[in-house]
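The lines below spell out each chain.
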Amino acid sequence: MIGDLSPYLIVQESEIWRLVSTMVLHAGLIHYLLNMFALWYVGKAIEQIHGFFPSLVIFVVSAVGGTILSAIFLPEYITVGASGGIFGLIGACISDIVLNW
């Protein structure tokens, strides 16, 4: 698959772009729609609180971090999707709730 997370290709072939490309690839229409639905609701809440640029940084850093952790702990599986970034935005929502309780 072109652009998927393949730890061998990232390390041995120096295809570092695969760390970023996995967050825009999805494993089907349902996977894409569920990710976009979650991103729309959670991302909208974070963007209203923090603004566009901080929300973008939270999303990209957590998506790339999730990709790196997936490459380390699940090297035999092909992974795609924006779930790491969405979980990062959910974590930002939870931290806002805890800090402003």
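For the structure, check the block above.
Quick summary incoming for the structure in this document. Predicted model only: the values in this text are computed from it and were never measured.

**Regarding the side chain of Ser 62**
- Within the secondary structure, Ser 62 sits in helix α4 (residues 52-73).
- Residue Ser 62 is classed as buried on the basis of its relative accessible area of 18%.
- A distance of 2.3 Å separates a polar atom in the side chain of Ser 62 from the backbone oxygen of Ile 58.
- The contact partners of Ser 62, leaving out residues within four places of it in the chain, are Gly 84, Gly 85 and Gly 88.

**So, the packing of α4 against helix α5 (residues 83-99)**
- Direction vectors running N to C along α4 and α5 enclose 130 degrees, while the axes themselves pass 7 Å from each other. Looking at the two axes, α4 sits oblique to α5. Judged by the twist between their axes, the crossing of α4 over α5 is right-handed. Here Ser 55, Ile 58, Phe 59, Ser 62 and Ala 63 of α4 come into contact with α5, specifically with Gly 84, Gly 85, Ile 86, Gly 88, Leu 89 and Ala 92.
- For the contact of α4 with α5, a count of residues per class yields six nonpolar, five polar and no charged.

Rules used throughout
- Residues numbered from 1 in each chain as written.
- Predicted model: local features only at pLDDT ≥ 70, side-chain atom pairs only at ≥ 80, totals over all residues.
- Heavy atoms only, no water.
- Helix = DSSP H or I, 4+ residues; strand = E, 2+ residues; numbered from the N terminus.
- Buried < 20%, exposed > 50% of the residue type's maximum accessible area, 1.4 Å probe, protein only.
- Polar contact = N/O pair within 3.5 Å; in protein donor to acceptor, adjacent residues only side chain to side chain.
- Contact = heavy atoms within 4.5 Å.
- Axes fitted to C-alpha atoms, helices over the stretch in contact; angles between N-to-C directions.
- Parallel < 35°, antiparallel > 145°, perpendicular 65-115°, else oblique.
- Left-handed = near helix turned anticlockwise from the far one by under 90°.
- Nonpolar A, V, L, I, M, F, W, Y, C, P; charged D, E, K, R; others polar.

Interpretation note: all reported values are geometric properties and have no functional meaning in isolation.
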